[in-house]
Amino acid sequence: MKALIHVDREDLLTMSIALSNVENLLEAVPGAEVAVVANGSAVLFFVRQSPAHIRERLEALAGRGVKFYVCANSLRAHGIDSDDLLPFAEVVPAGIAKILELQAAGYLYVKP
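An account of the accompanying structure is given in this report. (Residues numbered from 1 in each chain as written. Predicted model: local features only at pLDDT ≥ 70, side-chain atom pairs only at ≥ 80, totals over all residues. Heavy atoms only, no water.)

Examining helix H2 (residues 52-63)
Worth spelling out the cut-off: Each helix is a run of DSSP H or I of at least 4 residues and each strand a run of E of at least 2, with the numbering of both proceeding from the N terminus. Helices are assigned an expected span. That span is 1.5 Å times one less than the residue count. Throughout this description, buried means an accessible area under 20% of the type-specific maximum (1.4 Å probe, protein chains only), exposed means over 50%, and partly exposed covers the range between. To obtain the arc, one takes the directions from the helix axis to the C-beta atoms. Residue contacts follow a heavy-atom distance rule, with two residues in contact if any of their heavy atoms lie within 4.5 Å.
In a regular helix each residue adds 1.5 Å, so 12 residues correspond to 16 Å; H2 covers 16 Å between its end C-alpha atoms and thus fits that length. Buried residues of H2: Ile 54, Arg 57, Leu 58 and Leu 61, and no others. Projection of H2 onto a plane perpendicular to its axis shows the buried side chains occupying an angular sector of 100 degrees, all on one side. Among the structural elements, helix H1 (12-28) and strand S3 (67-71) are those in contact with the buried residues of H2.

Description of the sheet that holds strand S1 (residues 2-7)
Using the following cut-off: DSSP calls a pair of strands paired once it identifies at least 2 bridges connecting them. Under this scheme, a helix contributes an axis fitted over its contacting stretch, all axes are lines through C-alpha atoms, and angles between N-to-C directions fall in the 0 to 180 degree range.
Reading across from one edge, S4-S3-S2-S1-S5 is the order of the five strands in this open sheet, with parallel pairing throughout. Because the sheet does not close on itself, it has two edges, and the strands there are strand S4 (89-92) and strand S5 (108-110). Between one strand axis and the next, the sheet turns through 25 degrees on average, direction left out of account. Across six bridges, the pairing between S1 and strand S2 (residues 33-38) is parallel. The residue of S2 that forms the bridge with Ala 3 is Val 34. The strands that H1 touches are S1, S2 and S5; relative to S1, the one it contacts most, it runs at about 170 degrees. Where helix H4 (residues 95-104) meets the sheet, it contacts S1, S2, S3, S4 and S5, and its direction lies at approximately 160 degrees from that of S2.

Some thoughts on the pairing of S1
Convention followed: Note on handedness: a crossover is taken as right-handed if, strands pointing away from the viewer, the path from the first strand over the helix to the second is clockwise.
Buried residues dominate S1, accounting for five of its six residues. Once the chain exits S1 it traverses H1 before rejoining the sheet at S2, and the crossover so formed is right-handed. As paired strands, S1 and S5 are joined by three bridges and run parallel to one another. Looking across to S5, one finds that Ala 3 is bridged to Leu 108.

With respect to the side chain of Ser 50
If you trace the backbone, Ser 50 turns up in the loop between S2 and H2. Each residue touching Ser 50, except ones within four places of it in the same chain, is listed here: Leu 44, Phe 45, Arg 55 and Leu 86.

A word on the packing of aromatic side chains
Quick note on the threshold: Stacked, edge-to-face and tilted labels apply to pairs of Phe, Tyr and Trp rings (six-membered ring for Trp) whose centres lie within 6.5 Å, assigned for plane angles under 30 degrees, over 60, and everything in between, in that order.
Counted under the stated rule, the structure contains two aromatic pairs. Centroid distance Phe 46 to Phe 68: 5.7 Å. Interplanar angle 50 degrees. Geometry classified as tilted. Taken together, the positions of Phe 46 in the loop between S2 and H2 and Phe 68 in strand S3 put the pair 22 residues apart, joining distant regions of the chain. Phe 68 carries the same exposure label as Phe 46, and that label is buried. Judged by centre distance (5.4 Å) and plane angle (55 degrees), the rings of Phe 68 and Phe 88 are tilted.

Section: the pattern of salt bridges
As a reminder, the rule being used: The salt bridge definition used is simple: a Lys or Arg side-chain nitrogen within 4 Å of an Asp or Glu carboxyl oxygen.
Counting across every chain of the model gives four salt bridges. Ionic pairing is found between Lys 111 and Asp 8, a salt bridge with its closest N-O pair at 2.9 Å. Here Asp 8 lies in the loop between S1 and H1 and Lys 111 lies in the segment after S5, a separation of 103 residues in the sequence. Among the residues examined, Asp 8 registers a relative accessible area of 26% and is labelled partly exposed.

Below, the structure is given as structure tokens:
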């Protein structure tokens, strides 16, 4: 099973739900492939100064093989340099293009 989780707002509750969705999926379906695409203000969760409890969950999920893609357009819009990102966050040119690419590759779309 392949899942694409899309986050686009700097909202702690939404981000927490998204991360819980990922954690629950990995428990229920061992070997699931999970990708998280962040655009809009959600990119703010992927900076080194993000809230510790979110950062720790992101790091743990990255350690379990979850892929995190962050939109370059949104980074520019928020004045974030890629050097400020968590090391596992992969910058992609456009979040929307990555979403479509993953869907074309068989990932099922989930938006918490």
